[in-house]
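Listed here are the chains, written in short residue letters.
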There are 4 protein chains.
Amino acid sequence: MKVARENDLVFLMGKDRKSFIVRLEPGTELHIHRGVVKHDDLIGQPLGREVQSHLGYSLLALEPSTHDLILDLKRTTQIMYPKDIGYLLLKMNVGPGSRVVEAGAGSGGLTLALARTVMPTGLVYSYEVRPDVLNLATKNLERLGLLPFVEMKERDIKEGFDEVDVDALFLDLRNPWEYLAQAHAALKSGGFFGAILPTTNQVVRLIRALPEHGFSAVEVEELLLRRYKAVPARLRPMDRMVAHTGYLIFARKIE
Amino acid sequence: MKVARENDLVFLMGKDRKSFIVRLEPGTELHIHRGVVKHDDLIGQPLGREVQSHLGYSLLALEPSTHDLILDLKRTTQIMYPKDIGYLLLKMNVGPGSRVVEAGAGSGGLTLALARTVMPTGLVYSYEVRPDVLNLATKNLERLGLLPFVEMKERDIKEGFDEVDVDALFLDLRNPWEYLAQAHAALKSGGFFGAILPTTNQVVRLIRALPEHGFSAVEVEELLLRRYKAVPARLRPMDRMVAHTGYLIFARKIE
Amino acid sequence: MKVARENDLVFLMGKDRKSFIVRLEPGTELHIHRGVVKHDDLIGQPLGREVQSHLGYSLLALEPSTHDLILDLKRTTQIMYPKDIGYLLLKMNVGPGSRVVEAGAGSGGLTLALARTVMPTGLVYSYEVRPDVLNLATKNLERLGLLPFVEMKERDIKEGFDEVDVDALFLDLRNPWEYLAQAHAALKSGGFFGAILPTTNQVVRLIRALPEHGFSAVEVEELLLRRYKAVPARLRPMDRMVAHTGYLIFARKIE
Amino acid sequence: MKVARENDLVFLMGKDRKSFIVRLEPGTELHIHRGVVKHDDLIGQPLGREVQSHLGYSLLALEPSTHDLILDLKRTTQIMYPKDIGYLLLKMNVGPGSRVVEAGAGSGGLTLALARTVMPTGLVYSYEVRPDVLNLATKNLERLGLLPFVEMKERDIKEGFDEVDVDALFLDLRNPWEYLAQAHAALKSGGFFGAILPTTNQVVRLIRALPEHGFSAVEVEELLLRRYKAVPARLRPMDRMVAHTGYLIFARKIE
C-alpha cells in the first residue's frame, strides 16, 4: 500500500470543508484554527484516512488534485478557475509533449495545470511583466515541483515571444488585442490561440482584432459551474454561486 | 515548417461550421455536401490554411483538438461533453502516468480524453458489457492511435475490476450505486471516484450509497456551457443551448 | 359550476403537448393534425376536462393563461417571453390603473400582458411604425378582447409620444438610445423606464446614453428559464433550452 | 406635476445602492447610516429627485415598485423572489378580479404581489398556521394599504380551505403533497395550481402526488436571474449570483 512520504503534498480537509495543502517535512507542524497537526502523524501512513489535531478536530488526509492545487495557490491576482482551465486544455489540444506559451503568469494557476498536462516531455513558456507577480508564480510552481517543466520569463510581451512554432498560446491579460502580431509569430501554423476576458467590451475588441491578425475559427464561450448540497434527502443547488469568471475566446492561427 | 503527413488526422471546417475529421491517405478523397476534397491536396502541406473542394467550397484545414475528436466520434450512446471531461480530469487529478479505470466505455469519448492525458506512461482500463458498444469504442480509439494506452475489457463489472490501487475510477452507467464495493476495491487509498448521471433520482441514490461504501468528500456539481455569436458588432449568446448533459458526482475512497 | 360559453377563449392541450387556442363559436370546428374538434362539444361544458377529436385524440380543455396567450400569438417579429414580461411588470410597478407606453408593439405579446395588468382603469399606449406589424398586433388584441385597454398608434416615435406623466415606458426596438429625450418627456417624474436588447453592443450604447438623458438607477439583468422533465422517477432538466431572449435594462426618470 | 404626499410610500436609494422604504409622515425623520432625512423634505415635492441627509449623503427619492416592496419586506421566513413571482402571475393567469388562495403566507411577499394584481375587484385568501408569522404578514400588508384585498386566515390547511371555485391556488410550504385534496376542493374546474420547493426530493414527491389527486399538465421549471454591472465601458455579469431560490411546479385541476 502506498504511503505518504517526506516531500509529498497532502490535502487536509476539515469537517467544515476548510482545507489546507502542506508539503510533508519531518518535525514540522501545521497550525490551524482548531489545533495542531504534526506532519510526523502523516509521514509513512497511507492517505485516504482521518487524522486528528491535538484538539481532536478531524481532518481527511488526501492527495491534492490539480483542481485543489489551483484553488489553494497563494495569489495576488484574479485566479483562473478549474472549470475554465479544464475546458481550454481540451479546446487547445494541450497534452503530454505540448509546447505552450502563456502570458501573464499571474499567480500561476493556469501555469501549473499546463505544466502537469505537458510533462514530462513538453514545456510551458510563461511570461509576466510584473516582477513581484512573477516571483510569486515561480515560488508557487517550485513548491509543487513543477519548475522543470516551465520557463518563467520577466518580459513585456510587446517585445515579442522568444519561441516559434508553439502548439498553443494563451493570453490572460487586460488588452490581448495589442499582442496578436506577437502571438501569431510564436504559434505554429494552425496553432491554438486562447484568451479569457471579464467584460463584453474587451471581447468585442479582441474578436474584431483577431481576423485582422491572421486568426480564424473564432469562438466565444462561457462556463457556469453550479454546485449542489450533496445531502441525499435534500438534494438542491447551493444558495449562491460564482456568476462570472470570464469569457473564453478561442481562435486558430492561419497563414 | 511542420506539414501534414500521411496518417495524420486533419480537421476540416467549412464556412458553415460543418466539420469533418479525416486520417490522411494518399489517393483518397473526402466526399462532402459541397464537393470532393483530395487528401493529396493536404499531404505535404502545412495546416492552418484553406483548401477548396472541386466545387470551390472553402474549408479550413486544421489539427483536431481533443475537444474536436470527442465531438466527432461515431456514437451509438449518449456522449460525454468536453466541458464535463475537462473538468473531471482536474477534479480527479488525471495526468501523465495516471492509472485510471472507467466503465462503461460507451463510444469512447471519455476514454480518448483519458488516454491522451495519461500517455505515454499511464494506462486506461476501460470496461464495457455490451460487445457492439465495446467494438465501436475500440475502433474509435484505434483510428486515433490511442489503443496502446487503453485496455478494453468486455465485462459485467458486477464481477469486479481486475486492477487494484488505481488512481481514479469513473462510472458512466445507469446504476453506479450497485458497483461501489467493486470500485472501492479497485481504487488506491484516497483515490478519486467520479460519475455522471442524468436524473436527480439517480444522484440521490448514489450519494446515499457512497458513504455506506467507504467514500467521503462527496460533491455534486453541474456545468453549463453558453456559446456566443462571435460577431464584434453584435456580440450575444446563441439562441439555444444544451441545458443538461448530466450531474457530476465526485468522492474520495477512505479506509 | 362555471361552464365555457360562446366567445370564451379555450386552450386545448394535446397529449403530445401540442396546443391550440380557440374562441368558441357555435357550429365551428377546429381542424388539427389528429382530427376535428367541434366547438359545440365545448360550449356549455366546464373546462378542466378532456375532449376527443373525431379520430379519438384526447385534448385537455383549459382556460388559457396570460403565459399561454403570449406564446400562442400570431407573430412576424421576435417575441418577448413570459419570463421577461412577468419580471418587468414587477420591476416597473405596472398594476391596475397604470398608464404605460410601449414601442414598438411588435406582435403584441407585451401589449397583451400590459393590458391585462392595467385593466380596467389603466391604459396602454402602444406605438408601432410598421403598418403591417401594427395591423397584426391590433388583430391579436382584438381577438383577445383587449382593445378597450390599448391605444394603438402608427407613428415614428422620433416625433415623440402624445402622452405625458405616464407611469412606465418600455422600448422594444433596435436603437432605444435614439428616443431617450422623447421617453423622458413622456414619463412622470421618477417614472419607470425599461428596454430589452439582444446584443451586448446595444446594451453598452443604451446604458451610456441613459444618464446623459436624465435617467438614473440603471440596471442590466437577464433571466434564464430552465424547464424540467416532470417525470417523478426521472426528474431532470430538459436537454435543450432557450439560451438568450435579451438583456433587460431598467432605469428611472430623474429631474 | 404629481408630488409626494403624506402617507405615500417612498423608496430612498443611496449612492451605494443601500435603500430604504418609508411611509411619509409630517414631522418624522429617517435615521440611516449616513445621517438623518426629514420626511418634511419629501412631502409636497415631486419624486425622481435627490434629497440630502443632514450629513450631505445623497439619496434618490423614488416611487417603490412591487419588486422593491417585496425585497424590502420585514421577514422571518425564506422570501419568494420577484423573478419567480412575476413568472407565476402570468403562468397562473392572475389578473384584476382574480380570486386566489395561497398558503403559507410567510412574510407576505407573494401576498402583496397577488393583492396588487387582483385589486380592486379580486381577492386573495392567505392561510398561515404560525400566529407570529401571520401577524408579521398582516402588518406588512397593512403598512402597504393592501389589507382590503386580502383575507388573512390562521389555519392548518389540513382542515381544508373555506373557498371554492377559486381561480388559482399557490402552496409555499414544506409538504404540499399532503394538501392536494384540499387544494382540488378549493379550485374551480381547470383552475391553476402552483408551488415552490427548494429540493429535488420534494419536487419528486409533489409531481408523483399531483396526478393521483386530479391534477394534470404538470410542469417543473426554474428561473435564474443574472445581474450585470451597468458600466458602459466594462459591461459584465456581477461576480456572484443567487444560484437557487426554488423549483416552480405548475399544474391544472381536472375533473
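Rules used in this analysis
Residues numbered from 1 in each chain as written. Chains lettered and ligands numbered in written order. Predicted model: local features only at pLDDT ≥ 70, side-chain atom pairs only at ≥ 80, totals over all residues. Heavy atoms only, no water. Axes fitted to C-alpha atoms, helices over the stretch in contact; angles between N-to-C directions. Helix = DSSP H or I, 4+ residues; strand = E, 2+ residues; numbered from the N terminus. Parallel < 35°, antiparallel > 145°, perpendicular 65-115°, else oblique. Left-handed = near helix turned anticlockwise from the far one by under 90°. Contact = heavy atoms within 4.5 Å. Nonpolar A, V, L, I, M, F, W, Y, C, P; charged D, E, K, R; others polar. Salt bridge = Lys/Arg side-chain N within 4 Å of Asp/Glu carboxyl O. Buried < 20%, exposed > 50% of the residue type's maximum accessible area, 1.4 Å probe, protein only. Least-squares fit on C-alpha atoms with pLDDT ≥ 70 in both. Pairing = 2+ DSSP bridges. Buried area = accessible area lost by both parts, 1.4 Å probe. Polar contact = N/O pair within 3.5 Å; in protein donor to acceptor, adjacent residues only side chain to side chain. Domains from an automatic or database assignment.

### Examining the packing of helix H2 (residues 82–91) of chain C against helix H3 (residues 109–118) of chain C
Residues and elements named next belong to chain C.
Move 1: Contact geometry for H2 and H3: axes closest at 11 Å, N-to-C directions at 45°. In terms of their interaxial angle, H2 and H3 are classed as oblique. Viewed along their axes, H2 and H3 form a crossing whose handedness is right-handed. Here H2 contributes Ile-85, Leu-88 and Leu-89 to the contact with H3, which in turn contributes Gly-109, Leu-110, Ala-113, Leu-114 and Thr-117.
Move 2: Here the contact of H2 with H3 is built from residues that sort into six nonpolar, two polar and no charged.

### Quick word on the pattern of salt bridges
Oppositely charged side chains are able to pair whenever their charged atoms sit close together.
Move 1: For the coordinates displayed, the defined rule picks out 72 salt bridges over all chains.
Move 2: One salt bridge connects Asp-239 of chain A with Arg-236 of chain A, and the closest N-O pair in it is separated by 2.6 Å.
Move 3: On the accessibility criterion, Asp-239 of chain A (38% relative accessible area) is partly exposed.
Move 4: The salt bridge involving Arg-130 of chain D is made with Glu-128 of chain D; its shortest N-O contact spans 2.8 Å.
Move 5: What you see here is one network of salt bridges that share partners, running through Glu-151, Lys-153, Arg-155, Asp-162 and Glu-163 of chain A.

### Remarks on the relation of the copies chain D and chain B
Move 1: The two copies are related by a screw operation: chain D maps onto chain B through 180° of rotation and 0.0 Å of translation along the axis, at an RMSD of 0.0 Å. Each copy turns onto its partner about a two-fold axis. Closest to the rotation axis within chain D is the C-alpha of Thr-200 of chain D, separated from it by 3.3 Å.
Move 2: When you check the interface residues of chain D against chain B, 100% turn up at the interface there too, and the contact is symmetric in its surfaces.

### Considerations on the sheet that holds strand E2 (residues 19–23) of chain D
Residue and element names in this part refer to chain D.
Move 1: As summarised here, the arrangement of the four strands in space is E2-E1-E6-E5, forming an open sheet in which the pairing is antiparallel. Two strands bound the open sheet, and with one partner strand each, they are E2 and strand E5 (49–52). The sheet shows a mean angle of 35° between the axes of neighbouring strands, direction not considered.
Move 2: Taken together, the five bridges between strand E1 (residues 9–14) and E2 define a ladder with antiparallel strand orientation. Each bridged residue has a counterpart across the sheet, and for Val-10 the counterpart in E2 is Val-22.

### Some points on the interface of chain D and chain B
Quite often, the size of an interface is put as the accessible area lost when its parts meet.
Move 1: With five residues of chain D at the interface, the matching set in chain B holds five residues.
Move 2: The junction of chain D with chain B conceals about 350 Å² of combined surface from both sides, 42% of it contributed by carbon and sulfur atoms.
Move 3: Of all residues in chain D, the largest losses of buried area upon contact with chain B belong to Thr-200, Asn-201 and Val-204 of chain D, amounting jointly to 62% of the total for that side.
Move 4: Run the count over chain D and chain B and you get zero salt bridges.
Move 5: At the surface where chain D touches chain B, the tally comes to zero residue pairs in polar contact (both at pLDDT 80 or more).
Move 6: Those elements giving two or more residues to the side of chain D that touches chain B turn out to be helix H6 (200–212) and strand E12 (215–229) of chain D.
Move 7: Of all the elements, H6 of chain D adds the most residues to the side of chain D that touches chain B, at three residues.
Move 8: Residues of the side of chain D that touches chain B, tallied by class, amount to two nonpolar, two polar and one charged.

### Quick notes on the domain arrangement of chain A
Residues and elements named next belong to chain A.
Move 1: Taken domain by domain, chain A holds domain 1 (9–62) and domain 2 (67–253).
Move 2: Look at where the C-alpha atoms of domain 1 and domain 2 centre, and you get two points 31 Å apart.
Move 3: Counting from both sides, the interface comprises five residues of domain 1 and, opposite them, six residues of domain 2.
Move 4: Here domain 1 meets domain 2 over a buried area of about 510 Å², counting both sides, of which 54% is carbon and sulfur.
Move 5: Contact with domain 2 buries surface across domain 1, with Leu-9, Ile-21 and Arg-23 losing the most and accounting together for 79% of the total.
Move 6: For the pair domain 1 and domain 2, the number of links is two residue pairs in polar contact (both at pLDDT 80 or more).
Move 7: Mapped onto the side of domain 1 that touches domain 2, the elements with two or more residues apiece are strand E1 (9–14) and strand E2 (19–23).
Move 8: Residue composition of the side of domain 1 that touches domain 2, by class: four nonpolar, no polar and one charged.

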